[in-house]
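A look at the structure
One letter stands for each residue in the lines below.
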Amino acid sequence: MTNNSEKKLFFIATYGCQMNEEDSEKLSGILKKIGYDRTDIKEDADLIIFNTCCVRENAELKVYGNIGALKSLKKKKHELIIAVCGCMMQQKGMAEKLIKKFPFVDIIFGTHNSYKFPEYLSTVKQNRTSLIEIQDTEDGIIEGIPIDRKSDVKAFVTIMYGCNNFCTYCVVPYVRGRERSREPQNIEKEIKNLISKGYKEITLLGQNVNSYGKGLEPKITFADLLRRINKIEGLERIRFMTSHPKDLTKDVIDAVNECDKVCEHIHLPVQSGSTKILKKMNRRYTREQYLKLVHDIKQTIPKVSITTDIIVGFPGETDEDFEDTLSLAKEIEYDSAFTFLYSKREGTPAKEMKDHIPEDVKHQRFEKLVKVINESCSKKNAEYENKTEEVLVEGFSKNDITKLTGRTRTGKLVNFVGNSEHIGKLVDVKIIKARSFSLEGKEL
Ligand code: SAH
Ligand code: SF4
């Protein structure tokens, strides 16, 4: 198929977390500014971009498969430009490995220099040779990059980049660089601009939002930032992620409780319920400290929902350690959780540890954990039946276009019968039925 319109088209595939999603929205914004339009049909595109993730091995394998599948398209369409970027490219030796495996890839760049993409694009168009541009270090924070957001209702706003925590399993600090916080006035400016375009909800993003502000003058903490943003007129909802338990202070918990716009949902990755494993992971909190933190959150913030990330099968995890994770999950009764099988990552200390857990054991434990999580998720959802909830209407439901979809302040997905003119607005919805992973309702 060829593109007959004047404008060149780009297709972008995004892997991994919200940070990558936001990076893709920025790439998209940059491309629209230089005259490209977005398409969801790969075959129509003049430019195909893969924004990669390397947090777990299966994310990497997916990327390989999808790039490989483009070989025939590139053969048919010589002018097609293929670019690969993101976290995976930032790993040592990866760009070279990739170009060797897929010589038809035109541009490879990393996480620190995506704002230079138009420059790379014109070089490649002129020279018709492959270009690899990976920077080892960040260029500070680049403000003012145009962002082409997916939603018209809710938006991600990055408040800090990078991570200093070096959890022993995690590749993020190596591929995203050291922690650096954005100036609060730049964050506020971005949010005010979003409100002027009709956005109602923002999610403050960072690998560890609770350590926001380090190195900024005058001094500012994450709790201060929440209080400042809460004052912005026209904004309806504030969310944030991710919170590292070691840095979540009483002041942040109080700020969440006090600030009317800050939603009652805390994503608090625990990773393991065993203090021994947490130590090996370099998480810098114990099981008891985590439990106490959750207790304090629940005491302070009425109706709060707590979600988490858990890794199963970290090196050295015994049956007993895993039982500690199960019992912690049972005690907390999470609203939902992302559960992961431990995956060896190049360059991380955990990869070199002894006592890696056999795959079948990991899988058995994983199944047990998922069962416990699903039980608490269903139980928590059932508590919403017959209640009235405020929902921010995001659009039509994907699975049933006769229904609208949106989320409660606590982050629960609600599909409901309602007035489509209310898309982008806050409405009251009566919850009629709780399902395992969503709620069904009717607009009041
Ligand atoms: N900064 C966030 C999340 C970063 S990555 C935090 O600290 O919580 C998202 C999740 O991926 C992590 O919380 C962890 O549960 C999971 N993860 C990271 N590295 C992993 C690995 N090597 N194997 C399995 N899961 C991993
Ligand atoms: Fe990775 Fe830990 Fe940093 Fe999260 S806090 S990004 S898990 S190193």
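Residues numbered from 1 in each chain as written. Chains lettered and ligands numbered in written order. Predicted model: local features only at pLDDT ≥ 70, side-chain atom pairs only at ≥ 80, totals over all residues. Heavy atoms only, no water.

Put simply, the rule is: UniProt positions are given in the numbering used here, feature names are shortened, and annotations may be inferred rather than shown by experiment.
As recorded in an unreviewed UniProt entry, the chain goes by the name tRNA-2-methylthio-N(6)-dimethylallyladenosine synthase, listed as coming from Clostridium fermenticellae. Quoted verbatim from the Subunit (unreviewed entry) heading of the UniProt record, the comment on the chain is "Monomer."

A look at the overall build of the chain
Keep this limit in mind: Here a helix means four or more residues in a row that DSSP labels H or I, a strand means two or more in a row labelled E, and each is numbered from the N terminus. Our radius of gyration looks at C-alpha atoms and nothing else; its globule reference is 2.2 Å times the residue count to the power 0.38. Three exposure classes are used, based on accessible area relative to the maximum for each residue type with a 1.4 Å probe and protein chains only: buried under 20%, partly exposed in between, and exposed over 50%. Contact between two residues is taken to exist if any of their heavy atoms lie within 4.5 Å; hydrogens are not considered. Accessible areas in this description were obtained via Shrake-Rupley with a 1.4 Å probe; residue shielding takes into account the shown protein chains only.
If you tally the helices and strands in the chain, you get 13 helices and 19 strands. Taking 22 Å as the expected radius of gyration for a compact globule of 444 residues, we find that the chain reaches 23 Å, a close match to that expectation. Expressed as lengths along the three principal axes of its C-alpha atoms, the size of the chain is roughly 65 × 60 × 50 Å. Counting every position in the chain, which comprises 444 residues, the buried fraction comes to 55%. Contacts spanning at least 24 positions in sequence make up 74% of the contacts within the chain whose residues lie at least 6 apart. For the chain, the computed accessible surface area is about 20,600 Å², with 50% contributed by carbon and sulfur atoms.

Examining the site of ligand 2
For clarity, the cut-off: Nearness of a residue to a molecule or strand requires only that one of the residue's heavy atoms be within 4 Å of it. The classification used treats Ala, Val, Leu, Ile, Met, Phe, Trp, Tyr, Cys and Pro as nonpolar, Asp, Glu, Lys and Arg as charged, and all other residues, Gly among them, as polar.
As a structural note, the neighbourhood of ligand 2 is formed by C163, N165, F166, C167, Y169, C170, V172, P173, Q207, H244 and R283. Partitioned by chemical class, the residues of the shell around ligand 2 number seven nonpolar, three polar and one charged.

Overview of the packing of helix α9 (residues 250-258) against helix α11 (residues 287-300)
What counts is decided by this rule: Think of each axis as a best-fit line through the C-alpha atoms, taken over the contacting stretch in the case of a helix, with angles from 0 to 180 degrees between the N-to-C directions. Orientation labels follow simple angle bins: below 35 degrees gives roughly parallel, above 145 gives roughly antiparallel, 65 to 115 gives roughly perpendicular, and whatever is left gives oblique. Should the near helix be turned anticlockwise from the far one by less than a right angle, the crossing is termed left-handed; should it be turned clockwise, right-handed.
For the pair α9 and α11, interaxial distance at closest approach is 10 Å and the crossing angle is 25 degrees. Judged by the inter-axis angle, α9 sits roughly parallel to α11. In this structure, the crossing between α9 and α11 has a hand that is right-handed. Residues K250, I253, D254 and N257 of α9 touch α11, and the partners they reach there are L293, D296, I297 and T300. Grouping the amino acids of the contact of α9 with α11 by side-chain chemistry returns three nonpolar, two polar and three charged.

Side note on the UniProt feature "binding site: [4Fe-4S] cluster 1" (unreviewed entry) in the chain
Per the UniProt record, the feature "binding site: [4Fe-4S] cluster 1" (unreviewed entry) sits at C17, C53 and C87. The largest pairwise C-alpha distance within this set of annotated residues, which runs over 71 residues, is 10.6 Å, so the set is compact in three dimensions. You can see C17 is positioned in the loop between β1 (8-14) and α1 (18-33). Tracing the chain through its elements places C53 in the loop between β3 (47-52) and α2 (57-68). C53 sits in the buried class, given a relative accessible area of 6%. Other than its neighbours up to four places away in sequence, C53 contacts Y15, G16, N20, A59, E60, C87 and M88.

Quick notes on the domain arrangement of the chain
Operational definition: Each domain's limits were defined by an automated method or a database of domain assignments. The quantity reported as buried area is the accessible area (1.4 Å probe) lost by two parts once they are put together, taken as the sum for both. Counted as a polar contact is a pair of N or O atoms within 3.5 Å, where, for protein atoms, one must be capable of donating a hydrogen and the other of accepting one, and residues adjacent in sequence contribute only when both atoms are in side chains.
As assigned here, the chain comprises domain 1 (8-133), domain 2 (151-263), domain 3 (298-382) and domain 4 (388-443). Look at where the C-alpha atoms of domain 1 and domain 3 centre, and you get two points 33 Å apart. With six residues of domain 1 in contact, the opposing surface of domain 3 contributes four residues. Summed over both partners, the interface of domain 1 with domain 3 comes to about 430 Å²; 43% of that surface belongs to carbon and sulfur atoms. The three residues of domain 1 that bury the most area against domain 3 are R56, E57 and Q91, which together make up 77% of that side's buried surface. Inspection of the region where domain 1 meets domain 3 yields three residue pairs in polar contact (both at pLDDT 80 or more). Of the residues belonging to the side of domain 1 that touches domain 3, the class tally is two nonpolar, one polar and three charged.

Brief notes about the site of ligand 1
As a structural note, the neighbourhood of ligand 1 is formed by 15 residues, with R56, Q207, Q271, D309 and S343 the closest of them. The separation between an oxygen atom of ligand 1 and a polar side-chain atom of R56 is 2.8 Å. The separation between a nitrogen atom of ligand 1 and a polar side-chain atom of Q207 is 2.7 Å. Residues of the shell around ligand 1, tallied by class, amount to seven nonpolar, four polar and four charged. Each of domain 2 (151-263) and domain 3 (298-382) contributes no fewer than three residues to the shell around ligand 1.

Describing the nonpolar core
Put simply, the rule reads: Among buried residues, the Ala, Val, Leu, Ile, Met, Phe, Trp, Tyr and Cys ones that are joined through side-chain atoms within 4.5 Å form a nonpolar core.
Grouped together as the largest cluster of nonpolar side chains are 69 residues, with contacts concentrated most on I191, L204, F222, L226, I229 and I297. Composition of this core by domain shows at least three residues from each of domain 2 (151-263) and domain 3 (298-382). Not counting residues within four places of it along the chain, the set of residues in contact with I191 comprises V157, I202, L204, I229, I232 and L235. Judged by nonpolar contacts, the second largest core, of 29 residues, contains A59, L73, V84 and F104.

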